[in-house]
Amino acid sequence: MRSKDLKMPETDWVLLAMALFEATGFLLLAFFRGFDIVPMILAVSMPLLLAAQALLLRRAYPHMDGYILLIANFLCGVGLIALYRLDPDRALKQLLFYGLGVLVMLAMTFLVARGTLLRRLRLPVMLLSLGALLLTLLIGEENGGAKNWIDLKIISVQPSEFVKVALVLCLALDLSEKRTVRQLLPVGLFAAGCVLLIVLQKDLGAVLICFLTCLTVYYVATSNWLLALFGLACAAAGSAVLYRLFDHVRTRVAIWQNPWDSPQGSGYQIIQSLIAIASGGLTGLGLGLGSPDVVPVAESDFIFSAICEEFGIVVGLVLLLLYVILFARGLLLAMRARSSFHALLSVGAVTSLALQTFMIVGGVIKMVPLTGVTLPFVSYGGSSMLSSMLMLGILQGVSIAVGQQDESEWRLARAREEAQEF
Amino acid sequence: MNASAYELLASLARYWFIALALFIAVRLVVAVLREMRIEWRVQREISEAGTGINATLVLLSDEDGRLRRGKLYPVEGETTVGAAPRCDVRISSRSLRGVHCILAMEREGLRVVPVGEAFVVVDGEVVERRALAHDGSTIQLGGLVFRLRLEEENAL
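Thresholds, definitions, all that
Residues numbered from 1 in each chain as written. Chains lettered and ligands numbered in written order. Predicted model: local features only at pLDDT ≥ 70, side-chain atom pairs only at ≥ 80, totals over all residues. Heavy atoms only, no water. Buried < 20%, exposed > 50% of the residue type's maximum accessible area, 1.4 Å probe, protein only. Helix = DSSP H or I, 4+ residues; strand = E, 2+ residues; numbered from the N terminus. Pairing = 2+ DSSP bridges. Core = buried A, V, L, I, M, F, W, Y, C linked by side-chain atoms within 4.5 Å. Contact = heavy atoms within 4.5 Å. Domains from an automatic or database assignment. Salt bridge = Lys/Arg side-chain N within 4 Å of Asp/Glu carboxyl O. Axes fitted to C-alpha atoms, helices over the stretch in contact; angles between N-to-C directions. Parallel < 35°, antiparallel > 145°, perpendicular 65-115°, else oblique. Left-handed = near helix turned anticlockwise from the far one by under 90°. Nonpolar A, V, L, I, M, F, W, Y, C, P; charged D, E, K, R; others polar.

Residues and elements named next belong to chain B. Across the five residues that make up strand S5 (residues 101-105), a large majority, four, are buried. Two strands pair when backbone bridges link them, and strand S3 (residues 78-82) and S5 are joined in this way by four bridges, in the antiparallel orientation. Bridging from a neighbouring strand, Thr80 pairs with Ile102 of S5. Taken together, the five bridges between S5 and strand S6 (residues 110-114) define a ladder with antiparallel strand orientation. Paired with Met105 across the two strands is Leu110, which belongs to S6. In textbook terms, the turn of a hairpin is the stretch between consecutive antiparallel strands, and for S5 and S6 this stretch comprises four residues, one of which, Gly109, has a positive phi near 160°.

Below you can see the structure in the form of structure tokens.
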């Protein structure tokens, strides 16, 4: 086996197809509302950015997972095309967050790959997360029944998005080294505090993601199925209580069961989403030829139905397949990791992203009640984009750590074999 | 470009998008499966050739006198040691906690991390947070005393 076998096999054809997809999308948009120069520039710059990241980063850091990098960036590109078609101003803002997200992803990659600095940041991250959630409760703004935004005049921030990342980091750090109840008390209290504060914000989508991520990481770390089952039972009981307490939860369950009860009222959004997906059919109506803007918040929660309407269900299914590949690669990293810290980080990041994707895609196609979360990498939203990129950084950091360990062991194995032959 | 020309172009482009999406999906699935096979081969080659260090705990003494002296406990990767059934190395001893300590092989030696208030001594020093043990080190876990043996795998 040659040393290059350890690196990723060529994915240049995939990269080329992804670049062509993005370039064609933006080129079409350049002529959509008369001639527009901005999509023309994006038709060149977005594929270049995709190629630069895939080729340069892979060359500089051969242990980065090239598939995860390609897929996440392609999803961002498709999201930008859909957004530009819906609202060009928001698409340009999202482009800014995408650029920022790439930097944030790189920073997180190196933090995770090195690991030591992360341990020192544990307490500040915990305090900052709880502080931000508390501040949201005090001065936050309500949106769709949930009080989960802080308006900082220039931009609005959704702290619960970043708390997901903090939870994954702190849980992996503590559960990888500590076992007794007393040792796990701080991180347990932190997780419980976060979940409670998000419940008080009535942001039930984020509650579900945070709680189930904590439970999964805990179960993977300890194999304590009794406590994990108890946690699931608590979640079920908690959901029943929240259903009785919050009006908007009852409304969402009701429109999930039968949106046709109120086609012009609360059921309007989901009905329009279903009509959009159905009218697109397998091949879609064509970019710019549908009317995805009829669906309220199509640019954020309902972007998947907007994509299905104009690109078709086939493209929608391919996007879901890309998510599945991304999550499978993440879980594979967890299985290859030598230290439980890296394995737990990977499991946490994948669980959080996968739950989020399942909840929003399931909500949009009326498989589960709507929870108002965003589609990772695709939906409009700065906080969502940055938190998804941070999760991506976690996976890449684990990939570098695992790859370096594999390579050094493999070299040693080769040297040993050669010595034996000699 | 007038509206009807754009409509024609967009209608045709949707087949192009579908072709590209399907191409991406098929190539990625094939490449990921191929990559998984390569990774599996590398892992197998590493484990067959033996790359790391074999760590073994050799029991020197047991204060209860129930365990046989000289009994070997292999340590693989990251290992939990304790009296609970969920531990990787389970030792039935009243002086051990459920999960007593975590052992992990590192480049410099064996990292020993006591769990909670567990009593752990490495080379005569009580360990509070973590310690590094080397070949020949004495490790005391509760009332059990071990000698650490580090050997290169498949030693020539």
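So much for the structure itself; the text now carries on.
Another point: the sheet that holds S3 of chain B. Spatially, S4-S3-S5-S6-S9 (chain B) is the arrangement adopted by the five strands of the open sheet, whose pairing is mixed. Looking at strand neighbours, the two that pair on one side only are strand S4 (89-90) and strand S9 (131-133) of chain B, the edges of this open sheet.

Before going further, it helps to spend a moment on the nonpolar core. In a soluble, globular protein the nonpolar side chains are often hidden away together inside. In this structure, Phe21, Leu345, Phe377, Met389 and Ile394 of chain A together with Leu28 of chain B are the most contacted members of the largest nonpolar core, which totals 137 residues. Per-element tally for this core: the top contributor is helix H3 (residues 66-86) of chain A, with 16 residues. Contact partners of Phe377 of chain A, with chain neighbours within four places excluded, come to Ala72, Leu75, Cys76, Tyr323, Leu326, Met385, Ser388, Met389 and Leu392 of chain A. Judged by nonpolar contacts, the second largest core, of 24 residues, contains Val75, Leu96, Leu103 and Ala131 of chain B.

Where interface size is given, it is often the accessible area lost as the parts come together that is meant. By domain assignment, chain B separates into domain 1 (1-49) and domain 2 (53-152). Averaged C-alpha coordinates put domain 1 of chain B and domain 2 of chain B at centres separated by 49 Å.

A full pass over the atoms with the stated rule returns eight salt bridges over all chains. Notably, a salt bridge pairs Asp174 of chain A with Arg122 of chain A, separated by 2.6 Å at the nearest N-O pair. Taken together, the residues Asp174 of chain A in helix H6 (residues 159-175) and Arg122 of chain A in helix H5 (residues 116-139) connect sequence positions 52 residues apart. Each member of the salt-bridge network shares a partner with another, and the members are Asp65 and Arg329 of chain A together with Glu35 of chain B.

All names here are of chain A. Packing of H6 against helix H8 (residues 204-222) leaves a shortest axis separation of 10 Å and a crossing angle of 10°. One element, H6, and the other, H8, form an angle in the roughly parallel class. Where H6 crosses over H8, the two elements pack in a sense that is right-handed. Residues Ser160, Lys164, Leu167, Val168, Leu171 and Leu175 of H6 pack against Ala206, Ile209, Cys210, Thr213, Cys214, Val217, Tyr218, Ala221 and Thr222 of H8. Across the contact of H6 with H8, the residue classes break down as 11 nonpolar, three polar and one charged.

All names here are of chain A. If you walk across this open sheet you meet the three strands as S1-S2-S3, and the pairing is antiparallel. Of all the strands in the sheet, just strand S1 (141-143) and strand S3 (156-157) have a single pairing partner and so form its edges. With three bridges joining them, S1 and strand S2 (residues 146-151) adopt antiparallel strand pairing. Within the sheet, the bridge partner assigned to Glu142 lies in S2 and is Lys147. In the packing of H5 onto the sheet, the strands contacted are S1 and S2, and the crossing angle to S2 comes to about 100°.

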